[in-house]
Amino acid sequence: MKVLITGGTGYIGSHTAVELIQAGYEIEILDNLFNSKETVLDKIKEITGIRPVFHEVDLLDYQKTSEVLARGFDMVIHFAGLKAVAESVEKPLWYYENNIEGTLNLLKAMKKTGCNSLIFSSSATVYGDQGVTRLDESMETGKGITNPYGQTKFMIEQILQDACVADQDLSVVLLRYFNPVGAHPSGLIGEEPKGIPNNLMPIVMKVATGEIPALSVYGDDYPTPDGTCIRDYIHVVDLARGHLAAMEHMQKGCTVYNLGTGKGTSVLEMIKAFEDASGKTLPYQIAPRRAGDLPELIAVPDKAEKELGWKATLTIDDAMRDTLKFLGR
Ligand code: WQD
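What counts and how
- Numbers given for residues are sequential positions, taken from 1 along each chain in its written order.
- Only residues with pLDDT of at least 70 are given local features in this predicted model, and only at 80 or more are side-chain atom pairs given and counted; all residues enter the totals for whole chains, interfaces and linings.
- Side-chain metrics rest on all non-hydrogen atoms present in the structure, leaving aside hydrogens and water.
- Whether two aromatic rings pair depends on their centres lying within 6.5 Å, for rings of Phe, Tyr and Trp, where Trp uses its six-membered ring; planes under 30 degrees apart make the pair stacked, over 60 edge-to-face, and the rest tilted.
- Only DSSP runs of H or I reaching four residues or more are called helices, and only runs of E reaching two or more are called strands; each is numbered from the N terminus.
- Type-normalised accessible area, obtained with a 1.4 Å probe on protein chains alone, sets the label of each residue: buried when under 20%, exposed when over 50%, and partly exposed for intermediate values.
- Consider the strands pointing away from the viewer: the crossover is right-handed when the path from the first strand over the helix to the second runs clockwise.
- Contacts are assigned to residue pairs with any non-hydrogen atoms lying within 4.5 Å of each other.
- Near is defined per residue: the residue qualifies when any heavy atom it owns lies within 4 Å of the molecule or strand.
- Polar contacts, as used here, are pairs of N or O atoms within 3.5 Å; protein pairs need one atom able to donate a hydrogen and one able to accept it. Residues neighboring in sequence count only if both atoms are side-chain atoms.
- Where accessible areas are quoted, they stem from the Shrake-Rupley method and a 1.4 Å probe; at the residue level, only the protein chains shown are allowed to cover.
- For this document, the term salt bridge refers to a Lys or Arg side-chain nitrogen within 4 Å of an Asp or Glu carboxyl oxygen.
- pLDDT is a residue-level measure of predictor confidence that goes from 0 to 100.
- Here the axes come from fitting lines to C-alpha atoms, over the contacting stretch only for helices, and the angles between their N-to-C directions go from 0 to 180 degrees.
- Roughly parallel means an angle under 35 degrees; roughly antiparallel means over 145; roughly perpendicular covers 65 to 115; every other angle is labelled oblique.
- It is the rotation of the near helix from the far one that decides the hand of a crossing: anticlockwise by less than a right angle makes it left-handed, clockwise makes it right-handed.
- Throughout, the ten residues Ala, Val, Leu, Ile, Met, Phe, Trp, Tyr, Cys and Pro are labelled nonpolar, Asp, Glu, Lys and Arg are labelled charged, and all others, Gly among them, are labelled polar.

**Q** Just to check I follow, could you spell out the packing of aromatic side chains for this structure?
**A** One pass over the structure, following the stated rule, counts two aromatic pairs. Ring centres 5.6 Å apart and planes at 80° place the aromatic pair F34 and W94 in the edge-to-face group. Taken together, the residues span a long stretch of sequence, with F34 in the loop between strand 2 (26-31) and helix 2 (40-48) and W94 in helix 5 (residues 92-113) at a distance of 60 residues. For F34, a relative accessible area of 43% translates into the label partly exposed. Ring plane angle 85° and centroid distance 5.7 Å describe the contact between W94 and Y95, whose orientation is recorded as edge-to-face. Classification of W94 by relative accessible area gives partly exposed; the value is 27%. Residue classification places Y95 among the buried residues on the basis of a relative accessible area of 0%.

What follows is the structure, encoded as structure tokens:
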């Protein structure tokens, strides 16, 4: 089986590439290197012994995308896309163009070359505001999404569902990630966003290295035990293995799975876990709430366990240890 990974030099894509290679699959990577580096390919080689064939291509370039697909793939795992929430609010058209047109080009190129299987990197953000904390796949999506990034994930899910209705040959899996954290246990690959990060762990990492003086904890007056928001943080290696499980259970039509742990951790608990793993205090201050944040969001991960035989096994402490290893590399 030959698999194309779009966005394969990025954070989740590179970890998925490693898991696939280690499971014996042949992979190639397509990435425009907008938010990642080509040196990640050398790190993948260091971990697995194999440097994947690489195509520096932007999905907005339909011609080049279809040339890559013409090499013949059994499946595509599609990570490529812009993903910074705040940036998407400032530059919505750029986000819609990149994420949606990029996906449409990929789908057209897949159709043209007879590739009918796709796994899409979606997000728990598609659930919007359900008014409940535990989210499962049967819930209606799309209401209360607060930013264009989230809208693109929702819209792409709709496009893929429609495509499956129209084309009986298509197999699509939508994977809704909760909050990916951690790094590869080798310390060789991890999250390296370009510019100012938005997400909690990349900011924690920059505070730990002194690039940012202190972490702002966005609100300590939420209705949670310690007043800070609770999220379902999933180790990126568990997440990557979720793709492998999805690949090995593909069926015709469009199916959807949450990839989360089912356990919640507060911001203050994350800080404590990082401090315990590093043996150092992490400077932080309490700041006002961030617009759009919900108090508590946790996956119901049962469907993936039942149907894919996949479940998260790594802990927050594992994620902190691996993040520190990556930082110290
Ligand atoms: C986690 C918690 C913050 C930064 C977003 C997207 C989602 C997905 C993951 C992205 C929250 C708190 C954060 C900081 C803080 N996709 N926090 N200080 O908001 O759950 O999800 O990222 O690529 O679609 O919406 O993740 O990491 O931004 O925040 O206190 O400096 O950490 O308030 O409670 P979020 P996050």
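Read on, since the account is not over.
**Q** Explain the pairing of strand 1 (residues 2-6) here, please?
**A** Looking along a regular strand, one sees the side chains alternate between the two faces of the sheet. With five of five residues buried, strand 1 is to be regarded as a mostly interior element. Residue alternation in strand 1 divides its side chains into two sets, K2, L4 and T6 and V3 and I5, and both sets are buried. Crossover handedness for the path strand 1 to helix 1 (residues 11-22) to strand 2: right-handed.

**Q** In this structure, what is going on with the environment of I27? I would like to understand it.
**A** If you trace the backbone, I27 turns up in strand 2. Judged by its relative accessible area of 6%, I27 is buried. Once residues lying within four places of it in the same chain are set aside, the contact partners of I27 are V3, I5, A17, L20, I21, P52 and V53.

**Q** I tried to follow the site of the ligand on my own but got confused; where do I start?
**A** The environment of the ligand is formed by 20 residues, the closest being N199, L200, S216, R231 and D293. One of the side-chain N or O atoms of N179 is found 2.9 Å from an oxygen atom in the ligand. Here an oxygen atom of the ligand and a backbone polar atom of Y218 are 2.9 Å apart. For the ligand, the accessible surface in isolation is 690 Å², of which the surrounding protein chains cover 89%. Breaking the shell around the ligand down by element, the ones donating at least two residues are helix 7 (200-208) and strand 9 (215-218). For the shell around the ligand, the element with the highest residue contribution is strand 9, accounting for four residues.

**Q** When you look at the pattern of salt bridges in this model, what are you seeing that I'm missing?
**A** Any two side chains of opposite charge can pair, given that their charged atoms come close. Counted by the stated rule, this structure contains 16 salt bridges. In this structure, D276 engages K272 in a salt bridge whose closest nitrogen and oxygen atoms are separated by 2.9 Å. In this pair, D276 and K272 are both assigned in helix 9 (residues 267-278), four residues apart and thus about one turn of the helix distant. Residue class for K272 comes out partly exposed when judged on its relative accessible area of 47%.

**Q** Help me understand the confidence of the model for the protein chain in this model?
**A** Regions with low pLDDT carry predicted coordinates that are not meant to be interpreted in detail. On average, residues of the protein chain score 97 in pLDDT, and 100% of them reach the 70 mark or higher. Across the protein chain, strand 1 holds the top mean pLDDT of 99, while helix 4 (residues 85-90) sits lowest at 94.

**Q** Please explain the packing of helix 3 (residues 62-69) against helix 5 as it appears in this structure.
**A** The geometry of a pair of packed helices is captured by two quantities: the angle between their axes and the separation between those axes. Where helix 3 meets helix 5, the axes come as close as 9 Å, and the angle between the chain directions of the two elements is 40°. Classified by the interaxial angle, the pair formed by helix 3 and helix 5 is oblique. The hand of the helix 3/helix 5 crossing is right-handed. When helix 3 is examined against helix 5, the residues Y62, T65, S66 and L69 are found in contact with a partner set consisting of N105, L106, K108, A109, M110, K112 and T113. Taken together, the residues of the contact of helix 3 with helix 5 sort by class into five nonpolar, four polar and two charged.

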